[in-house]
Amino acid sequence: MVRRIAVILAIVPALLLFWVDPTVAASFNTRCTNRDVQGLARTGPIGARQTLEGKDTPLSRAWQTCQFRLYDETPHTFTTRDHFLAGIFVYESTEVPGYDRAATIAYLKGVKARLLWARSGKFGQFREVPLTRTKIQSYRLLPESGGRVLLVHHYAIFPAGSLAPGDYTWRLWLYDPIEGPTVYGGTVTIVNR
């Protein structure tokens, strides 16, 4: 069975679908609200698609400024007044020869993710940030990104004011039951605004 996994680096078109411009994310003209990030948590793939299609909607604006993907090692900046989301989609196309719904669901349930977070320079003091895992959902992505997929979203929401100004380092440990473990990492800067 051909697998498409939203560890996204394996599929260039999928990377384009979920890409976020870090300069846009660092824009301080837009405040990211709890409502914005809750919308991204529930309907993130729709925001990603709207962004790629050039649509200007509240969800596409939130996608560009209020979140980052946990495979994207580009530094990101948010303010102390922003709520923001850190997440990763894991999905598999339902439009491949030999597609087996039960096997796909078992596969998606077998993917595990852990997010570790620390103040930069304090690598021995990583703490685990609990990730929320959505139920398995069906979405239609762009054809080059898999078409119709079953998808699960692993994410954490950071409320406004929950992090003091400064630099932070994160690590995502993602266990794929077929490919094994992968580790991603990056930095986030929180500025006082």
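Structure first, text after, so check above.
Residues numbered from 1 in each chain as written. Predicted model: local features only at pLDDT ≥ 70, side-chain atom pairs only at ≥ 80, totals over all residues. Heavy atoms only, no water.

Can you break down the overall build of the protein chain residue by residue, with the values?
Helix and strand counts for the protein chain come out as 5 helices and 10 strands. Within the span of the protein chain, comprising 193 residues, buried residues form 48% of the whole. Once local pairs closer than 6 in sequence are excluded, the contacts in the protein chain between residues at least 24 apart make up 69%. Only carbon and sulfur atoms are counted for the fraction: they give 53% of the accessible area of the protein chain, which is about 9000 Å². (Helix = DSSP H or I, 4+ residues; strand = E, 2+ residues; numbered from the N terminus. Buried < 20%, exposed > 50% of the residue type's maximum accessible area, 1.4 Å probe, protein only. Contact = heavy atoms within 4.5 Å. Areas by Shrake-Rupley, 256 points an atom, 1.4 Å probe, with all protein chains shown as cover.)

Explain the state of the cysteines to me, and be specific about the residues and the numbers.
Every disulfide links exactly two cysteines, by a covalent bond between their sulfur atoms. Summed over the entire model, instances satisfying the criterion amount to 1 disulfide. A disulfide bridge connects Cys 32 with Cys 66, and the sulfur atoms are separated by 2.1 Å. On the S-S bond that ties Cys 32 to Cys 66, the torsion sits near -85°, and the link is left-handed. Remark: Cys 66 occurs in the loop between helix H4 (58-65) and strand S1 (67-69) and Cys 32 occurs in the loop between helix H2 (22-25) and helix H3 (34-52); sequence separation between them is 34 residues. Both residues of the pair, Cys 32 and Cys 66, count as buried. (Disulfide = S-S within 2.5 Å.)

Account for the pattern of salt bridges, with residues named and values stated.
According to the stated counting rule, one finds 3 salt bridges in the structure shown. As a salt-bridge pair, Lys 55 and Glu 53 come within 3.3 Å of each other at their nearest N and O atoms. Judged by its relative accessible area of 35%, Glu 53 falls in the partly exposed class. (Salt bridge = Lys/Arg side-chain N within 4 Å of Asp/Glu carboxyl O.)

Kindly report on the packing of aromatic side chains, identifying the contributing residues and their values.
According to the stated counting rule, one finds 9 aromatic pairs in the structure shown. With centroids separated by 4.2 Å and ring planes inclined at 5°, the aromatic side chains of Phe 78 and Phe 84 adopt a geometry described as stacked. We note that Phe 78, like Phe 84, is buried. An aromatic cluster of at least three residues, connected via ring pairs, comprises Phe 68, Phe 78, Phe 84, Trp 117, Phe 158, Tyr 168 and Trp 170. (Phe/Tyr/Trp six-rings, centres within 6.5 Å; stacked < 30°, edge-to-face > 60°.)

Please give an account of the sheet that holds strand S5 (residues 127-129) that cites residues and values.
A sheet is described by the order of its strands in space; here 5 strands give the open sequence S2-S10-S9-S4-S5, paired in mixed fashion. Both edges of this open sheet fall to strand S2 (76-79) and S5, since each of them pairs with a single strand only. Between one strand axis and the next, the sheet turns by 35° as a mean value, whatever way the strands run. Here 8 bridges tie strand S4 (residues 112-119) to strand S9 (residues 166-176), and the two strands are oriented antiparallel to one another. (Pairing = 2+ DSSP bridges. Axes fitted to C-alpha atoms, helices over the stretch in contact; angles between N-to-C directions.)

Residues and numbers for the nonpolar core, please.
Judged by nonpolar contacts, the single largest core of 27 residues is most densely connected at Phe 68, Phe 84, Trp 117, Phe 158 and Trp 170. At the level of secondary structure, the elements contributing two or more residues to this core comprise strand S3 (84-93), helix H5 (101-110), S4, strand S8 (148-158), S9 and strand S10 (180-191). Discounting residues that sit within four places of it in the chain, Phe 68 has contacts with His 76, Phe 78, Phe 84, Leu 85, Ala 86, Gly 87, Trp 117, Trp 170 and Val 188. Residues Val 37, Ala 41, Trp 63 and Val 149 belong to the second largest nonpolar core, which totals 17 residues. (Core = buried A, V, L, I, M, F, W, Y, C linked by side-chain atoms within 4.5 Å.)

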